[in-house]
Amino acid sequence: MFNRLMLGLALWLPTLAYAYTDVEIDRKVENLLAQMSLTEKIGQMTQVTLNVVSVGTLPYDMKEPHELDEARLKNALVNYGVGSIFNVGDHAFSREHWREIIEKIQQVATTQTRLKIPVLYGIDAVHGTNYTYDSTLFPQQIGLAATWNPELVAKAAAITAYETRAIGVPWNFSPSLDVGRNRLHSRFYETFGEDTFLVKTLGKAMLQAYQGNDVADKNHIAATLKHFIAYVMPLNGIDRSSAWIPEHYLREYFLPPFIDAIGAGAKSVMLNLSEINGIPVHANPQLVTDLLQHELNFKGLIVSDWESIREVFYHHHVAENDKQAVKLAILAGVDMSMVPYSFEFADQLQQLVKAGEISEQRINTSVRKILRLKFELGLFEHPYYPVSDYPDFGSEKFRKVSQEAASESITLLKNEKNLLPLPKSAKILVTGFTADWIQALNGGWTYSWQGSKPLWVTHKPTILDAMVQKFRDQVSYVETAYETTPLEIQAAVKAAEDADYIVLCLGEKPYAENFGNVLDFGLPESQISLARELAATGKPVILVLAEGRPRILSPFAEQMQAIVMAYLPSNEGGLAIADILAGTVNPSGKLPFTYPFGQNSLTMYDHKHSETYAVQVQYPFGFGLSYTEFAYSNLKIDRKQLTAGDTLNISVDVTNTGKRAGKEVVQLYIGDVFASLAPPVKRLRGFEKIELKPQQTKTVHFKIAVEDIAFINAQNKKVAEKGDFEVMLGDLKGRFVLTEDVHF
Ligand code: BGC
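The rules behind the values
- Residues numbered from 1 in each chain as written.
- Predicted model: local features only at pLDDT ≥ 70, side-chain atom pairs only at ≥ 80, totals over all residues.
- Heavy atoms only, no water.
- Helix = DSSP H or I, 4+ residues; strand = E, 2+ residues; numbered from the N terminus.
- Rg over C-alpha atoms; globule rule 2.2 N^0.38 Å.
- Buried < 20%, exposed > 50% of the residue type's maximum accessible area, 1.4 Å probe, protein only.
- Contact = heavy atoms within 4.5 Å.
- Pairing = 2+ DSSP bridges.
- Domains from an automatic or database assignment.
- Buried area = accessible area lost by both parts, 1.4 Å probe.
- Polar contact = N/O pair within 3.5 Å; in protein donor to acceptor, adjacent residues only side chain to side chain.
- Salt bridge = Lys/Arg side-chain N within 4 Å of Asp/Glu carboxyl O.
- Axes fitted to C-alpha atoms, helices over the stretch in contact; angles between N-to-C directions.
- Parallel < 35°, antiparallel > 145°, perpendicular 65-115°, else oblique.
- Left-handed = near helix turned anticlockwise from the far one by under 90°.
- Expected span 1.5 Å × (residues − 1).
- Nonpolar A, V, L, I, M, F, W, Y, C, P; charged D, E, K, R; others polar.
- Phe/Tyr/Trp six-rings, centres within 6.5 Å; stacked < 30°, edge-to-face > 60°.
- Lys NZ or Arg CZ within 6 Å of the ring centre and 35° of its normal.

> Report on the overall build of the chain, specifying residues and quantitative values.
For the chain, the helix and strand inventory stands at 21 helices and 29 strands. For a compact globule of 744 residues, the expected C-alpha radius of gyration is about 27 Å, and the chain comes in at 26 Å, within 12% of that figure. Principal-axis analysis of the C-alpha atoms gives the chain an extent of 75 × 65 × 50 Å. Burial status across the chain gives 64% buried among its 744 residues. Put simply, of all contacts in the chain between residues at least 6 apart along the chain, 79% involve residues at least 24 apart.

> Tell me about the sheet that holds strand β1 (residues 46-49), and please be specific about residues and values.
The sheet built from five strands is open, its strands ordered β4-β3-β2-β1-β10 with parallel pairing. Looking along the sheet, the strands with just one partner apiece sit at the ends: β4 (171-172) and β10 (337-338).

> A description of the domain arrangement of the chain should follow, citing residues and the corresponding values.
Taken domain by domain, the chain comprises domain 1 (2-389), domain 2 (410-619) and domain 3 (630-743). The gap between the C-alpha centroids of domain 1 and domain 3 is 36 Å. If you look at the interface, domain 1 gives 15 residues, while domain 3 gives 18 residues. Both sides of the domain 1 and domain 3 interface together cover about 1400 Å² of buried area, and 57% of this is carbon and sulfur.

> I'd like a description of the side chain of Lys414, backed by residues and values.
With respect to the element layout, Lys414 can be found in strand β11 (residues 411-415). By relative accessible area, which is 14% here, Lys414 ends up buried. Looking at Lys414, its side chain comes within polar contact range of the main-chain oxygen of Ala557, at 3.0 Å. In contact with Lys414, other than residues within four places in its own chain, are Ala557, Glu558, Met560, Gln561, Ala562, Ile563, Tyr619 and Leu625.

> Tell me about the pattern of salt bridges, and please be specific about residues and values.
Under the defined criterion, the tally for this structure stands at 43 salt bridges. The shortest N-O distance in the salt bridge between Glu416 and Lys414 comes to 3.6 Å. Residue Glu416 is classed as partly exposed on the basis of its relative accessible area of 32%. Several salt bridges share partner residues, and in doing so they unite Arg187, Glu190, Asp239, Arg240, Glu311 and Glu513 into one network.

> How would you explain the packing of helix α16 (residues 396-409) against helix α21 (residues 573-582) if you had to name every residue and give the values?
Packed helices, taken two at a time, are described by their axes: the angle between them and the distance between them. The N-to-C vectors of α16 and α21 enclose an angle of 50°; their axes lie 8 Å apart at closest approach. By the angle class used here, α16 and α21 are oblique. Every pair of crossing elements has a handedness; the one defined by α16 and α21 is right-handed. In contact with Arg399, Gln403, Ala406 and Ser407 of α16, α21 contributes Gly573, Leu575, Ala576, Asp579 and Ile580.

> So, helix α15 (residues 360-376): which residues are in play, and what are the values?
Here α15 spans 24 Å end to end across 17 residues, near enough to the 24 Å set by a 1.5 Å rise per residue. Where burial is concerned, most of α15 is hidden: 13 out of the 17 residues are buried. Looking one or two residues beyond α15, the residue adopting positive phi is Gly378, at roughly 75°.

> With reference to specific residues and values, describe the packing of helix α2 (residues 22-35) against α15.
Where α2 meets α15, the closest approach of the two axes is 9 Å, and the angle between their N-to-C directions is 125°. In this view, α2 runs oblique relative to α15, as classed from their interaxial angle. Handedness of the α2/α15 crossing: right-handed. Between α2 and α15, the contacting residues are Asp22, Ile25, Asp26, Lys28, Val29, Glu30, Leu32 and Leu33 on the first element and Asn364, Val367, Arg368, Leu371, Arg372, Phe375 and Glu376 on the second. Looking at the contact of α2 with α15 residue by residue, the classes come out as seven nonpolar, one polar and seven charged.

> Account for the packing of aromatic side chains, naming residues and giving values.
As enumerated under the stated definition, the model contains 29 aromatic pairs in all. With centroids separated by 6.2 Å and ring planes inclined at 90°, the aromatic side chains of Tyr595 and Tyr619 adopt a geometry described as edge-to-face. One end of the pair, Tyr595, is in strand β17 (residues 595-596); the other, Tyr619, is in strand β18 (residues 617-619), and 24 residues separate them in sequence. Using a relative accessible area of 0% as the deciding quantity, one classes Tyr595 as buried. Taking the relative accessible area as the measure of exposure, Tyr619 reaches 9% and is therefore buried. A connected cluster of aromatic rings, assembled from ring pairs, spans Tyr60, Phe86, Trp171, Phe173, Trp306 and Tyr341. When the ring centre of Phe393 is taken as origin, the NZ or CZ atom of Arg95, which lies over that ring, is 4.1 Å away. We note Lys226 situated over the ring of Trp445; from NZ or CZ to the ring centre the distance is 5.7 Å.

> Report on the environment of Asp322, specifying residues and quantitative values.
Structurally, Asp322 is set in helix α13 (residues 322-332). A sequence separation of 159 residues divides Asp322 from Glu163, and the C-alpha atoms of the two residues are 37 Å apart. Once you skip the residues sitting within four places of it in the chain, Asp322 turns out to touch Arg310, Phe313, Glu344 and Gln348.

See below:
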């Protein structure tokens, strides 16, 4: 698989840029640092949002159309020595406007400041360069996860890197390595789902494609691993609230994606803005210094999340004022504060250093890391590259990759009596509030933070548009609102009389962060009524879901003949959905989470044996149907006994027993039968997506080292304990024994 990944990436090879050796960078950094005043150093650690240097009423409003405010810009860069600016004040801009902004900012930084240090501009390009018109957007991470295809994830990320550099921005606040252990959480869709192994594998692929071999290269960017650590598991599912996580589970479930991505050279890390076990991560030296920097050996830049240092004071109540919060965060190990609206952080840090509460050595440590990243990115030579270097920006070639990603993500959950694909002659009623609303396919972080502004997306085909392209005048449409009215329901029921099939498009409205908090995991009653009344017409209903997390379907799922999970497939999602409904594409997406059955059946696939009685799922983790069938046979485990240093070779034959070509995700699960900590019934330990023609068979191989079946024990140590293990591949099972305890 590794070779194929490399081959895929070769298509996006970096072009040579000016890269310094480590020693040269150290020399340059020390040189610069020696010339810097305390104000200049602290300025480098200060990050403000674009609003702060734009025309408009601070903090939130930016004048329309957007304009930089020269006086504010100079104050930030020249007087405060601000080192980083980010984001875009809830706007999207054209590529040309981005270039204008970046060129102006870099011109002031590199000509008018004393030491001519370029600005490190950062952005959330979390599903494509999503704050730029006409860029290529991709499915949100939860959809990319459903592809179970690291090569495809890497292709999408490489395009994002290219288009982000093209607008002049070299630093991305992505990927999210959060393991989505709480599906209620409003940021679940920003994750690669509930499983550590899947998050770790896809996260690393994304990171490597963003950064390439050299971040100075004009086609690559520095990535930010976020949100360190365990953000998407608050106790109550509410964003920015409390989590209680014992250290061994923190290490078992949440740490591995960070270990791998840091090992692969990640340049920066953003911290979790919540608190774990009562301590805000931003004020926790055990996590930020001991674990992240010492144990994981992370040498890169640690950036705070949005206003999160202040939040230690006003949100978590762990500091008695802002200044104390700054002190706690800096001593915990934060290098840069995403302030974001003022220079208070800089003023307070200055006071703390002058009062001897924080040493200048401590400041130097952070400034070194910030300057180092600027050198590594080549910003001193190329604060930006010429526009003409990016001929493929927003190209058809890139759009196709997005459509491919959407197609591979869409997951067929139910297909009673092989109702799908729809026959060519089908007369179809399309309805439901996500049917003709492109924002619903995109979700948050799309042209605006919440993703609900109608800007620039209207020219992309909705589900309805795409269905009309395929089925022409056989399609009828009844518009319904999110809170569907009885009149709309009546109209849809009436229209169903003339249709053979009903495509009912439901799901969620766009949201980001705390705006997506929910207290009820169901869909609105009015949408359920619409579904039920359409089902009562006797016409088969195909439910299409555009949603960032699995809203409960059990009140009406039985009555739906087919269910298609689209996640948040983005701008090409309409086309991809229509391709699947029409059968042009054979679905191959698999759930990257357990689809719960009820409000309180939130158990995940890797639950404990004692939780088995509580497991009632709508659809299991890893599940997804195809228009063909696959059979598993010939499971081979090359040894019955395993000792330290051994590798287990496992293989299985997979045959396409149906009539059309299709892709299957072969998933290897292993269960530890007994352990000193109650073991999960199974864990995903390997997967590979393969494509098979009808009647074709492929043998899929997995290599399992002893470390791959280890876990973190109650003493927080990694161990593989001797005893029996169960192997599960498709419907086949095998066993092996580990003959001794192995410590790592
Ligand atoms: C989010 C981060 C994001 C940052 C900058 C925060 O509110 O938690 O994920 O990178 O804002 O937009």
